[in-house]
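Spelled out, the chains give:
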Amino acid sequence: MTAEALPESLHRQPDGPKWPVPPTDGYTVDDFFTLDLPPHTELIDGSLVFVSPQRDFHTLAMYLLEQGLRQHVPSDLRVRREMAIVLSKRNAPEPDVVVVKAEAIKGRRQTRYQAADVLLAVEVVSPDSEDRDRDTKPHKYAAAGIKHFWLVEMAGENDRPMVITYELDPVNKTYVSTGVHHDRLKLSAPYDIDIDLTSIDEL
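Cut-offs and rules
- Residues numbered from 1 in each chain as written.
- Predicted model: local features only at pLDDT ≥ 70, side-chain atom pairs only at ≥ 80, totals over all residues.
- Heavy atoms only, no water.
- Salt bridge = Lys/Arg side-chain N within 4 Å of Asp/Glu carboxyl O.
- Helix = DSSP H or I, 4+ residues; strand = E, 2+ residues; numbered from the N terminus.
- Buried < 20%, exposed > 50% of the residue type's maximum accessible area, 1.4 Å probe, protein only.
- Pairing = 2+ DSSP bridges.
- Axes fitted to C-alpha atoms, helices over the stretch in contact; angles between N-to-C directions.
- Contact = heavy atoms within 4.5 Å.
- pLDDT = per-residue confidence, 0-100.
- Phe/Tyr/Trp six-rings, centres within 6.5 Å; stacked < 30°, edge-to-face > 60°.
- Polar contact = N/O pair within 3.5 Å; in protein donor to acceptor, adjacent residues only side chain to side chain.

*Asks:* Sorry if this is basic, but what is going on with the pattern of salt bridges here?
*Replies:* Under the criterion given, the structure shown has 13 salt bridges. A salt bridge links Lys140 to Asp45; the nearest nitrogen and oxygen atoms lie 2.6 Å apart. A residue pair is termed long-range when its members are at least 10 positions apart, and Lys140 in helix α4 (residues 130-143) and Asp45 in the loop between β1 (42-44) and β2 (47-49) qualify at 95 residues. On the basis of relative accessible area, Asp45 is assigned to the partly exposed category, the value being 47%. A salt bridge links Asp201 to Arg160; the shortest N-O distance between them is 2.5 Å. With Asp201 in the segment after β12 (193-196) and Arg160 in strand β9 (residues 160-169), the pair connects residues that are 41 residues apart, well separated along the chain. On the accessibility criterion, Asp201 (44% relative accessible area) is partly exposed. For Arg160, a relative accessible area of 23% gives the class partly exposed.

Pasting the structure below:
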């Protein structure tokens, strides 16, 4: 009995982007920064994580917090958005907003910062990355010694930012919640900060 030939469509390779084939033990940070990747790709545990299109809330929340952090930032610190942070050999996530030491800024072509230079990492939760934003990344930021972490959620009937602030327990290398902020984010650490979260309605 002669087997039927497979349909021609099953022989053809689908047209589309050619994704890099990962090494057996995953990518390292050194590999990661040599690859030609879509914007905002992250390296988590040696695997590439691609970002889906973001909601309007995500963009506005990032802008609001970035501008608020810049208002009173001390001269020895800088605020940056969507920059890779090298945490370990196989981890280089991209927080939505970071506060870094001014001395860590090396030039306009810089693509990453070291965890030791980061004072605050901020993640705005997205539907496609809820587990990473709420669990995976905070654990890795804490293990790398980043002192402050903010988790930003869309909340309430007006879809405004709710900011949950955390501070590092340096002994256990875990984050401890220091507050939940709805309408106003007023803090004295990592420096004096006062952000009207309701002003997202005006953006």
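*Asks:* What is the right way to look at the sheet that holds strand β7 (residues 118-124) in this model?
*Replies:* Strand pairing in a sheet takes place through backbone hydrogen bonds and is either antiparallel or parallel in direction. Pairing within the open sheet is mixed, and its six strands lie in the order β3-β5-β7-β8-β9-β10. For this open sheet the edge positions go to β3 (77-81) and β10 (174-181), each flanked by a neighbour on one side alone. Here the average twist between neighbouring strands, direction ignored, is 20°. For β3 and strand β5 (residues 97-101), the ladder comprises five bridges, and the chain directions are antiparallel. Paired with Arg81 across the strands is Val97, a residue of β5. Against the sheet, α4 touches β7, β8 (148-155), β9 and β10, its axis set at about 170° to β8.

*Asks:* Got a minute to help me understand the environment of Thr178 in this structure?
*Replies:* The residue Thr178 is located in strand β10 in this model. Each C-alpha atom of the pair Thr178 and Asp31 lies 37 Å from the other, and the pair is 147 residues apart in sequence. Beyond its immediate chain neighbours, meaning those up to four positions away, Thr178 contacts Thr165, Tyr166 and Glu167.

*Asks:* Help me out: how do you make sense of the confidence of the model for the protein chain in this one?
*Replies:* Detailed reading of predicted coordinates is not advised where the pLDDT is low. Per-chain confidence: the protein chain averages 91 in pLDDT, with 90% of residues scoring 70 or above. Predicted confidence for residues 1-13 stays below pLDDT 50, and this span has one contact to residues more than four positions away or in other chains.

*Asks:* Where do I start with the pairing of β10 in this structure?
*Replies:* Two faces make up the sheet, and in a regular strand the side chains alternate between them. Where β9 and β10 come together, seven bridges link them in antiparallel fashion. Counterpart to Leu168 in the pairing with β10 is Tyr175. Between β9 and β10, which pair antiparallel and follow one another directly, the connecting turn spans four residues, one of which, Lys173, has a positive phi of 55°.

*Asks:* Any chance you could explain the packing of aromatic side chains here in plain terms?
*Replies:* What characterises a pair of aromatic rings is the spacing of the ring centres plus the angle enclosed by the ring planes. Following the criterion strictly, the structure yields five aromatic pairs and no others. With a centroid separation of 5.8 Å and 35° between ring planes, the pair formed by Phe149 and Tyr166 is classed as tilted. Pair noted here: Phe149 is in strand β8 and Tyr166 is in strand β9, with a separation of 17 residues, a long-range link. A ring pair is formed by Tyr166 and Tyr175, whose centres lie 6.4 Å apart and whose planes are at 55°; its orientation type is tilted. Residue classification places Tyr175 among the buried residues on the basis of a relative accessible area of 16%. Members of the aromatic cluster, each reached through a chain of ring pairs, are Tyr141, Phe149, Tyr166 and Tyr175.

*Asks:* Please explain the side chain of Asp133 as it appears in this structure.
*Replies:* Positionally, Asp133 belongs in helix α4. A polar atom in the side chain of Asp133 sits 3.3 Å from the backbone nitrogen of Ser126. Residues contacting Asp133, with those up to four places away along its chain left out, are Glu123, Val124, Val125, Ser126, Pro138, Phe149 and Leu151.

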